[in-house]
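Letter by letter, the chains look like this.
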Amino acid sequence: MSITDMHQDLTGSERIAPRSDSPHPKTVNTSPLISAQKLTKQYGAAQAVFSNLDIDISEGETVALIGSNGAGKSTLLKCLIGLLPHSGGQVSVLDETFSGRPQAAQARRIRSDIGFVFQKHCLVSRATALTNVVHGMLGRAGSWRGWHQAIASPAWRQSAMEALDSVNLVHKANERVDQLSGGQAQRVAIARALVRKPKLFIADEPAASLDPKSGHDVMQRFVNLSKKNNITLMFTSHDMQHALQYADRVIALKNGSIFLDQKSDDLTAQDLKGVFSG
Amino acid sequence: MVDKTMNRRVELPQLDRVGKVSAIQFTLWIVVGAIIISSIYNVSPSPQRVAEGVPRLGSLMNRMFPPETDPEFLGRVFWRLVETMQIAIAGTVLGVLISLPIGWLSARGIAPLKATTFLFKALISFFRTVPDLIWALIFVITVGLGAVAGTMTIMVDTIGFCGRFFGEAMEDADKEPQEALEAIGASKFSILCGAVIPDAMPSLINTTLFALEKAVRSSVVLGLVGAGGIGQELKSSFDLFQYKKAAAIMLAIFLIVLIMEWVTDRLRRSIT
């Protein structure tokens, strides 16, 4: 199934709407995609960033990981997918189980099914939007064709154009990324993650570098795409509104432990205030 | 000073006008000063020698002008200039092509193996520190007189120049896209081709254009040691006291270097 088939109804401009108006109801599959037991991360002899965390993320879930600056959100995200080695416990992600750091072959298998979106768009600014989306194919067999859109296979170019279409940026395909606005660049980054047809989206503060309107626009598109394609989405945020509006479930980190792990429907902004208070 | 908001006197710290100088720093300054003064004293031209040289310069100029305009001679100069440009272009292109992988292998944080960075940095330094005329002498001995020795000289000289700056440009390339591609499992080589080179491209082109300018200037003098090009013609003119011919060649060289600088300057401005 092509990406176009999957997202054909997302190409139009989408207004920021309350979650209750979302065309994609919160249907959550119960099979765990990520499972961490007694997960601990410590740098040298320093105090542990977090310790003995037990987390299960089901397939199709949209999970917001929140906490104040330095709470260990990004570190936890990286540990869960093996980008950073953890100090104790065990992680199972995408049917791969590891302690510490995944083996090279394991890491490749895990990464091939993950689409990443970072706080800053992390695109090659002098390359076009299309080339940046084609870059999403790097790490696959024959990936030298992912260096530039001009040498990409017709199928990859088609997939990249469809991914751009799904974030409503086909008209910007041939524009250099440094000519795009922050919100548009972040949408290109989402298209780059999407073109891999991942099972899991990992997003580290995807809207933090954007103004509020662009931030909501990016989050809305991102969550819609995830839901539509049954891609599990795990994102970090320090924005309570984003966590409540776009996530099915909110996990809050505080003082190295899970302070709160609840369905977002059961939460109010008042509940989350304790996460950020001293 | 009186703090207006609090209405009380605030004691401000007294800062030194000049930072403290350690004994080692002071000694180093003295040593550097001594080296500069002794260098100027020993090998700089004295006013007397400059004064004595002026009439001789006037005499040389008198014998140089008007420059030679014999069409047969000018035709020979033209083809020698073409050969000079060919040496510069071929040497630069080959040097740049070899500099790219060498620069990559020497770039910290970009090279596939940490151990190679030191080795290739050392190799590039070696190429750079040996002057081009010495390389020319070596290649004249190894591959014989003529343009091939000149091309090889320019190539090695370009590797010394471009290898260093290419490596530095790659090290300075934006790290975030590299980390993003690394996260999705891209190989070091794919990261180089997909993220590092596009980001470093203006710097790579700039360095290449400077290398070409430098190569044109170098290829002019390589002929003095038999490595082909216009320099060979210039040397024989001076050796045979044919100063009018030498003047014509020098004017031609001046023109070609000027045109080259103008072209590369325009290219640089259009790219960056």
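Residues numbered from 1 in each chain as written. Chains lettered and ligands numbered in written order. Predicted model: local features only at pLDDT ≥ 70, side-chain atom pairs only at ≥ 80, totals over all residues. Heavy atoms only, no water.

- Taking an unreviewed UniProt entry as the reference, chain B is identified by name as Phosphonate transport system permease protein belonging to Maritalea mobilis.
- UniProt's Subcellular location (unreviewed entry) comment on chain B is quoted here verbatim: "Cell membrane".
- Taken directly from UniProt, the Sequence similarities (unreviewed entry) text for chain B runs: "Belongs to the binding-protein-dependent transport system permease family." (UniProt positions renumbered as here; feature names shortened; annotations may be inferred.)

- Per an unreviewed UniProt entry, chain A carries the name Phosphonate transport system ATP-binding protein and comes from Maritalea mobilis.
- According to its UniProt record, chain A has this under Sequence similarities (unreviewed entry): "Belongs to the ABC transporter superfamily."

1. As for the overall build of chain B
- Each helix and strand counted, chain B has ten helices and two strands in total.
- Ordered by position from the N terminus, the helices and strands of chain B form the series β-β-α-α-α-α-α-α-α-α-α-α.
- For chain B, whose C-alpha radius of gyration is 27 Å, the value lies well above the compact-globule estimate of 19 Å for 272 residues.
- For the C-alpha atoms alone, the extent of chain B along its principal axes is close to 90 × 60 × 35 Å.
- Contacts in chain B between residues at least 24 apart in sequence constitute 71% of all its contacts with a sequence separation of at least 6.
- Charge centroids of chain B, computed over 25 positive and 23 negative side chains, lie 6 Å from each other. (Helix = DSSP H or I, 4+ residues; strand = E, 2+ residues; numbered from the N terminus. Rg over C-alpha atoms; globule rule 2.2 N^0.38 Å. Contact = heavy atoms within 4.5 Å. Lys, Arg positive; Asp, Glu negative; His and termini not counted. Charge placed at Lys NZ, Arg CZ, Asp CG, Glu CD.)

2. Topic: the overall build of chain A
- Summing up its helical and strand segments, chain A has nine helices and ten strands in all.
- Expressed as a percentage of its 278 residues, the buried residues of chain A come to 55%.
- When contacts within chain A are restricted to residue pairs at least 6 apart in sequence, long-range pairs at least 24 apart make up 68% of them.
- Entry remark: accessible area of chain A is about 11600 Å², with carbon and sulfur atoms responsible for 48%. (Buried < 20%, exposed > 50% of the residue type's maximum accessible area, 1.4 Å probe, protein only. Areas by Shrake-Rupley, 256 points an atom, 1.4 Å probe, with all protein chains shown as cover.)

3. Section: helix α3 (residues 104–112) of chain A
Residue and element names in this part refer to chain A.
- All buried positions along α3 are accounted for by Gln106, Ala107, Ile110 and Arg111. All buried residues of α3 lie within an arc of 125° about the axis, which places them on one face of the element. With respect to the buried face of α3, the exposed residues turned more than 90 degrees away are Ala104 and Arg108. (Arc of directions from axis to C-beta.)

4. Structural notes on the confidence of the model for chain B
- Per-residue confidence for chain B gives a mean pLDDT of 90, with 97% of residues at or over 70.
- Mean pLDDT values for the elements of chain B range from 53 in strand β1 (residues 2–3) of chain B up to 95 in helix α6 (residues 147–172) of chain B. (pLDDT = per-residue confidence, 0-100.)

5. Quick notes on the nonpolar core
- By size, the foremost hydrophobic cluster in this structure holds 50 residues, and its most contacted members are Leu39(A), Leu76(A), Val93(A) and Met234(A).
- Residue contributions to this core peak at five residues, all from helix α8 (residues 188–222) of chain B.
- Setting aside its immediate chain neighbours within four residues, Val93(A) contacts Leu33(A), Ile34(A), Leu80(A), Ile81(A), Phe98(A), Ile110(A) and Leu200(A).
- Counting 49 residues, the second largest nonpolar core, distinct from the first, contains Trp156(A), Ala203(A), Leu233(A) and Leu260(A). (Core = buried A, V, L, I, M, F, W, Y, C linked by side-chain atoms within 4.5 Å.)

6. Remarks on the interface of chain B and chain A
- Residue-level contacts link 18 residues of chain B with 18 residues of chain A.
- At the boundary of chain B with chain A, total buried surface from both sides reaches about 1600 Å², with 65% on carbon and sulfur atoms.
- Contact with chain A buries area across many residues of chain B, yet Glu176(B), Ala183(B) and Ile184(B) alone supply 33% of it, more than any other trio.
- Along the contact surface separating chain B from chain A lie one salt bridge.
- The closest approach of N and O atoms between Glu176(B) and Lys120(A), which form a salt bridge, is 3.6 Å.
- Taken together, chain B and chain A are joined by five residue pairs in polar contact (both at pLDDT 80 or more). (Buried area = accessible area lost by both parts, 1.4 Å probe. Salt bridge = Lys/Arg side-chain N within 4 Å of Asp/Glu carboxyl O. Polar contact = N/O pair within 3.5 Å; in protein donor to acceptor, adjacent residues only side chain to side chain.)

7. What to know about the sheet that holds strand β7 (residues 200–204) of chain A
Residues and elements named next belong to chain A.
- Spatially, β6-β7-β8-β3-β9-β10 is the arrangement adopted by the six strands of the open sheet, whose pairing is mixed. Where the open sheet ends on each side, the last strands, each with one partner, are β6 (114–117) and β10 (257–263). Across this sheet, the average inter-strand angle for adjacent strands is 15°, counted without regard to direction.
- Its contacts with the sheet place helix α2 (residues 73–80) against β3 (62–66), β7, β8 (232–237) and β9 (249–254), and it is angled at close to 155° to β8.
- Strand contacts of helix α6 (residues 182–194): β6 and β7, with the helix running at about 170° to β6, the strand carrying the most contacts. (Pairing = 2+ DSSP bridges. Axes fitted to C-alpha atoms, helices over the stretch in contact; angles between N-to-C directions.)

8. Thoughts on the pairing of β8(A)
Residue and element names in this part refer to chain A.
- Burial within β8 is extensive, with six of its six residues counted as buried.
- Of the two faces of β8, the one carrying Thr232, Met234 and Thr236 and the one carrying Leu233, Phe235 and Ser237 are both buried.
- Across five bridges, the pairing between β3 and β8 is parallel. Residue pairing for β8: Ile66 is matched across the bridge by Ser237.

9. Quick word on α8(B)
- With 35 residues, α8(B) should cover 51 Å at 1.5 Å per step; its first-to-last C-alpha distance of 39 Å lies more than 12% under that length.
- The largest bend in α8(B) comes to about 60°, at Met201(B), with the proline Pro202(B) one to four residues further on. (Expected span 1.5 Å × (residues − 1). Bend = angle between axes of the 7 residues up to and from the residue.)

10. Some remarks on the environment of Ile110(A)
Residues and elements named next belong to chain A.
- Take Ile110: it is sitting in helix α3.
- The class of Ile110 is buried, set by a relative accessible area of 0%.
- Along the backbone, Ile110 and Gln245 are 135 residues apart, and their C-alpha atoms lie at a distance of 29 Å.
- Excluding residues that lie within four positions of it along the chain, Ile110 makes contacts with Ile81, Val93, Leu94, Glu96, Phe98 and Pro102.

11. Brief notes about the state of the cysteines
Residue and element names in this part refer to chain B.
- Evaluation of the coordinates by the stated rule reveals zero disulfides over all chains.
- No disulfide involves Cys162; its sulfur sits 18 Å from the nearest other cysteine sulfur, which is in Cys193.
- For Cys162, a relative accessible area of 0% gives the class buried. (Disulfide = S-S within 2.5 Å.)

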